[in-house]
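# Report on the structure
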Amino acid sequence: MMSIQNNIAARAGRISILGLFLVSLAACSGTTGLSQDKEMNFANAGKIDPKRKEMAISVAKEMRERRERVWCVPFARNISGIDIRGNARTWWTKANGVYQRSHTPKVGAVMAFSSSSKIPLGHVAVVSSVESPRQISIDHANWKRNQVSLDMTVVDVSKKNDWSAVRVMSHPNTLGSVYPVSGFILASRD
């Protein structure tokens, strides 16, 4: 619980500073903030509905209080609105022909980790921001057992720059092992 509150407080501080920076940047540039956002943050064109995110965090908190397991699948489904059922390892295949799939991260998209020896059931997370062509942040549950992790850094380490292999920063300033990724599932239907 404290981890979630700390992550939310830290993010709120970053958002306030970022907001001030963007306002000052827009004032100096002579353009509106909206047109500048479109040009500079093209990959962040998607968005996460704050009400959905708040609900997903609240549901996870209630589950923990009842000593129930908090899983990545319902958490990702609650935030993204992508209605896929079953283990995380099946999401990429089940999305085919129903939701748009991509190998480029977009805010609000579900990142579908492939199954591996470390995560045999796969894993799903929601892209919370795109920092650069090879770095994003994600919101997800149960990466750390029974916890929600917000704005966790993920780096593309694939040889083809296609997000097929990533490292996740589970501890400050430390990237973990390499994990295979199938791709990104977008909330828009095919």
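Throughout, a residue's number is its position along its own chain's written sequence, starting from 1. Thresholds applied to this predicted model are a pLDDT of at least 70 for local features of residues and 80 or more for the giving and counting of side-chain atom pairs; totals over whole chains, interfaces and linings are not thresholded and use all residues. Excluding hydrogens and water, the side-chain figures rest on all heavy atoms present in the structure.

### Let's talk about the packing of helix α3 (residues 50-65) against helix α4 (residues 72-80)
Rule in force here: Interaxial angle, 0 to 180 degrees, is taken between N-to-C directions of lines fitted to C-alpha atoms, where a helix line uses only the stretch in contact. Under the scheme used here, helices are H or I runs from DSSP no shorter than 4 residues and strands are E runs no shorter than 2 residues, and both carry numbers assigned from the N terminus. By the definition adopted for this analysis, an angle is roughly parallel if under 35 degrees, roughly antiparallel if over 145, roughly perpendicular if from 65 to 115, and oblique otherwise. Should the near helix be turned counterclockwise from the far one by less than a right angle, the crossing is left-handed, whereas a clockwise turn marks it as right-handed. Note on contacts: a residue pair qualifies if any of its non-hydrogen atoms lie within 4.5 Å across the two residues. Residues are grouped as follows: Ala, Val, Leu, Ile, Met, Phe, Trp, Tyr, Cys and Pro are nonpolar; Asp, Glu, Lys and Arg are charged; every other residue, Gly included, is polar.
At their nearest, the axes of α3 and α4 sit 7 Å apart, and the two run at 155 degrees to each other. With respect to each other, α3 and α4 are oriented roughly antiparallel. In this structure, α3 meets α4 at a crossing whose hand is right-handed. Contact residues: Arg-52, Lys-53, Met-55, Ala-56, Ile-57, Val-59 and Ala-60 in α3; Phe-75, Arg-77, Asn-78, Ile-79 and Ser-80 in α4. Considered class by class, the residues forming the contact of α3 with α4 number seven nonpolar, two polar and three charged.

### Regarding the side chain of Asp-156
For clarity, the threshold we go by: Identification of polar contacts relies on pairs of N or O atoms within 3.5 Å, with a donor-acceptor requirement for protein atoms, meaning one able to donate a hydrogen and the other able to accept it, and with residues adjacent in sequence counted only if both atoms are side-chain atoms.
Tracing the backbone shows Asp-156 in strand β5 (residues 148-156). A distance of 2.6 Å separates a polar atom in the side chain of Asp-156 from a polar atom in the side chain of Ser-158. Engagement of the side chain of Asp-156 in a polar contact is seen with the backbone nitrogen of Trp-163, the distance being 3.4 Å. Here Asp-156 is in contact with Arg-134, Asn-161, Asp-162, Trp-163, Ser-164, Ala-165 and Val-166, once residues within four sequence places are set aside.

### Focus: the environment of Asn-173
Tracing the chain through its elements places Asn-173 in the loop between β6 (165-168) and β7 (178-189). Taking the C-alpha atoms as reference points, Asn-173 and Thr-153, 20 residues apart in sequence, are found 9.5 Å from one another.

### Here's the deal with α4
Convention followed: Throughout, exposure labels follow a simple rule: accessible area from a 1.4 Å probe, protein chains only, divided by the maximum for the residue type, with under 20% read as buried, over 50% as exposed, and the rest as partly exposed.
In terms of burial, α4 is a largely internal element, eight of the nine residues being buried. Along α4, the residues that are buried comprise Cys-72, Val-73, Phe-75, Ala-76, Arg-77, Asn-78, Ile-79 and Ser-80. Note on α4: the residue one or two positions beyond its end, Gly-81, has a positive phi of about 80 degrees.

### Focus on the pairing of β7
Short version of the rule: DSSP calls a pair of strands paired once it identifies at least 2 bridges connecting them.
Pairing analysis gives three bridges linking strand β1 (residues 99-102) to β7, with the strands arranged antiparallel. Counterpart to Ser-102 in the pairing with β7 is Phe-184.

### Quick word on the confidence of the model for the chain
Basically, it comes down to this: Known as pLDDT, the predictor's per-residue confidence is scaled from 0 to 100.
Taken over all residues, the pLDDT of the chain has a mean of 81, while the share at 70 or more is 75%. Least confident of the elements in the chain is helix α2 (residues 33-40), whose mean pLDDT is 30; most confident is strand β2 (residues 110-113), at 98. Low pLDDT, under 50, characterises residues 8-44; the predicted model gives this stretch 19 contacts beyond four residues in sequence or across chains.

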